[in-house]
Amino acid sequence: MAEQNIVIILARCSRSGKNYGIRLVQTSPGKWLGTWAFPIKKAAGKEKGYDSETMPGTFALSDTFPGCPYCKNPHIFECEECGMVGCWNGKMSVAACPWCGSLGRPW
Ligand SMILES: [Zn+2]
Ligand SMILES: [Zn+2]
């Protein structure tokens, strides 16, 4: 019986520029479900512990996903340029990456 894989990825609010963490649970091989988001205090210096680059597969958000902890954007997107994650309002077809400024495709 396989253990449940859980990772915390680092994301950034597109509006406020503040960082937050997203909790992903692996539901089946290569499939991840975002279940929770929480603010990360920069001063805490814990960002190194978050894994933002090693997530092979596809992603979805659970029905209970709370959205961005800062601006309440309900969705997230992954930047195609830098591979980082930011919040997204779910309306525009593209979103500006809060990390590198390029346009990303929402999940
Ligand atoms: Zn946000
Ligand atoms: Zn980017």
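Residues numbered from 1 in each chain as written. Chains lettered and ligands numbered in written order. Predicted model: local features only at pLDDT ≥ 70, side-chain atom pairs only at ≥ 80, totals over all residues.

Draft legend 1. Looking closely at the overall build of the protein chain. Per the secondary structure count, the protein chain includes zero helices and eight strands. When its helices and strands are written in sequence order, the protein chain yields β-β-β-β-β-β-β-β. By residue count, 28% of the 107 residues in the protein chain fall in the buried class. Residue pairs in contact within the protein chain that sit at least 24 positions apart in sequence constitute 49% of those at least 6 positions apart. (Helix = DSSP H or I, 4+ residues; strand = E, 2+ residues; numbered from the N terminus. Buried ≥ 20, exposed ≤ 12 C-beta atoms within 10 Å, placed from the backbone. Contact = placed C-beta atoms within 7 Å.)

Draft legend 2. Local environment of the nonpolar core. Counting 17 residues, the largest nonpolar core has Ile9, Ala11, Tyr20, Ile22, Ile76, Val85 and Cys87 as the members making the most contacts within it. Those elements that provide at least two residues to this core are strand S1 (6-12), strand S2 (19-28), strand S3 (31-39), strand S5 (75-78) and strand S6 (85-88). Once you skip the residues sitting within four places of it in the chain, Ile22 turns out to touch Ile8, Ile9, Ala11, Gly34, Ala37, Ile76 and Val85. (Core = buried A, V, L, I, M, F, W, Y, C linked by C-beta atoms within 7 Å.)

Draft legend 3. Examining the environment of Cys79 more closely. The residue Cys79 is located in the loop between S5 and S6 in this model. Among the residues examined, Cys79 registers 21 C-beta atoms within 10 Å and is labelled buried. As for Cys79 and Leu103, which are separated by 24 residues in sequence, their C-alpha atoms are 7.0 Å apart. Apart from residues no more than four positions distant in its own chain, Cys79 is found in contact with Met84, Gly86, Cys97, Trp99, Cys100, Ser102 and Gly104.

Draft legend 4. How the structure looks around the environment of Arg12. Along the chain, Arg12 falls in strand S1. Judged by C-beta crowding, with 21 C-beta atoms within 10 Å, Arg12 ranks as buried. For the pair Arg12 and Gly86, spaced 74 residues apart in the sequence, the C-alpha separation amounts to 4.7 Å. Discounting chain neighbours no more than four positions away, the residues touching Arg12 are Gly17, Asn19, Met84, Gly86, Pro98 and Trp99.

Draft legend 5. Representation of the confidence of the model for the protein chain in the model. Counting all residues, the mean pLDDT for the protein chain is 84, and 80% of those residues have values of 70 or more. Across the protein chain, the element-wise mean pLDDT spans from 72 in strand S8 (residues 103-106) up to 94 in S3. (pLDDT = per-residue confidence, 0-100.)

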